[in-house]
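A look at the structure
So you can see what is in the structure, the chains are spelled out below.
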Amino acid sequence: MKEDEIERLIEKYKEGNSTLNEEQLLFDKTQNLKPSLEAWSTFVKKNKNETPKNFNDTLWESFQNKKTKRHRRFVGIMSTAASVLLLISLYIASPKQKELNYSEKEALLNQALNMVSNSEPSEIQQNIIYENEMIIIYTTTE
């Protein structure tokens, strides 16, 4: 291999543009050239790191874990926001019960008593089934 071709491959290697075949060719053919190139070649060969056997699987799992965590966080935030929005809308949309003052409450109570007291007790016959100090159970016949 010519020295200018080796220099070109070395520059290509340093820039990170060389292919695996060119790198293999470069490191295998530099033994009978300049001592500096041979020293450089041996240094690179000795310090070359091998990738772990399950490197792709490990990377894929880490990407999936990050994606899953991000998805879970998004779902959690969206469900929390939906719950808060639902509670706020129920609070706003719920009809407020009209507050009655004392005289209005008394009038309603008197009206209810009048409805019950309109039927005469003499007409309705009551049969007591069970009587206790707290409760009286009876039947009526009309």
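Attention in this report is confined to the structure presented alongside it. (Residues numbered from 1 in each chain as written. Predicted model: local features only at pLDDT ≥ 70, side-chain atom pairs only at ≥ 80, totals over all residues. Heavy atoms only, no water.)

1. Section: a negative patch on the surface
- On the surface, Asp4, Glu5, Glu7, Glu11 and Glu15 cluster together to form a negatively charged patch.
- By secondary structure assignment, the location of Glu11 is in helix H1 (residues 3-15). (Patch = residues over 30% accessible without salt bridge, like charges linked within 9 Å, V, L, I, M, F, W, Y side chains within 5 Å. Areas by Shrake-Rupley, 256 points an atom, 1.4 Å probe, with all protein chains shown as cover. Salt bridge = Lys/Arg side-chain N within 4 Å of Asp/Glu carboxyl O. Lys, Arg positive; Asp, Glu negative; His and termini not counted. Charge placed at Lys NZ, Arg CZ, Asp CG, Glu CD. Helix = DSSP H or I, 4+ residues; strand = E, 2+ residues; numbered from the N terminus.)

2. Side note on the pattern of salt bridges
- Throughout the structure, instances matching the rule amount to one salt bridge.
- In this structure, Glu22 engages Lys12 in a salt bridge whose closest nitrogen and oxygen atoms are separated by 3.0 Å. Pair noted here: Glu22 is in helix H2 (residues 20-29) and Lys12 is in helix H1, with a separation of ten residues, a long-range link.

3. Comments concerning a nonpolar patch on the surface
- On the surface, Ile129, Tyr130, Met134, Ile135 and Ile137 cluster together to form a nonpolar patch covering roughly 560 Å² of accessible area.
- Relative to the elements of secondary structure, Met134 occurs in the loop between strand E1 (125-131) and strand E2 (136-141).
- The class for Met134 is exposed, based on a relative accessible area of 80%. (Buried < 20%, exposed > 50% of the residue type's maximum accessible area, 1.4 Å probe, protein only.)

4. Topic: the side chain of Ser18
- Counting through the fold element by element, Ser18 comes out in the loop between H1 and H2.
- Looking at Ser18, the relative accessible area reads 15%, which means it is buried.

5. Overview of H1
- Compared with an ideal rise of 1.5 Å per residue, which puts 13 residues at 18 Å, H1 spans 18 Å between its outermost C-alpha atoms and is within 8% of the ideal.
- Those residues of H1 not exposed but buried are Ile6, Leu9 and Ile10. An end-on view of H1 places all buried positions within 105° of arc, on one side of the element. H1 presents Asp4 and Glu15 as exposed residues on the side facing more than 90 degrees away from its buried surface.
- Just downstream of H1 lies Gly16, where phi reads positive at about 85°. (Expected span 1.5 Å × (residues − 1). Arc of directions from axis to C-beta.)

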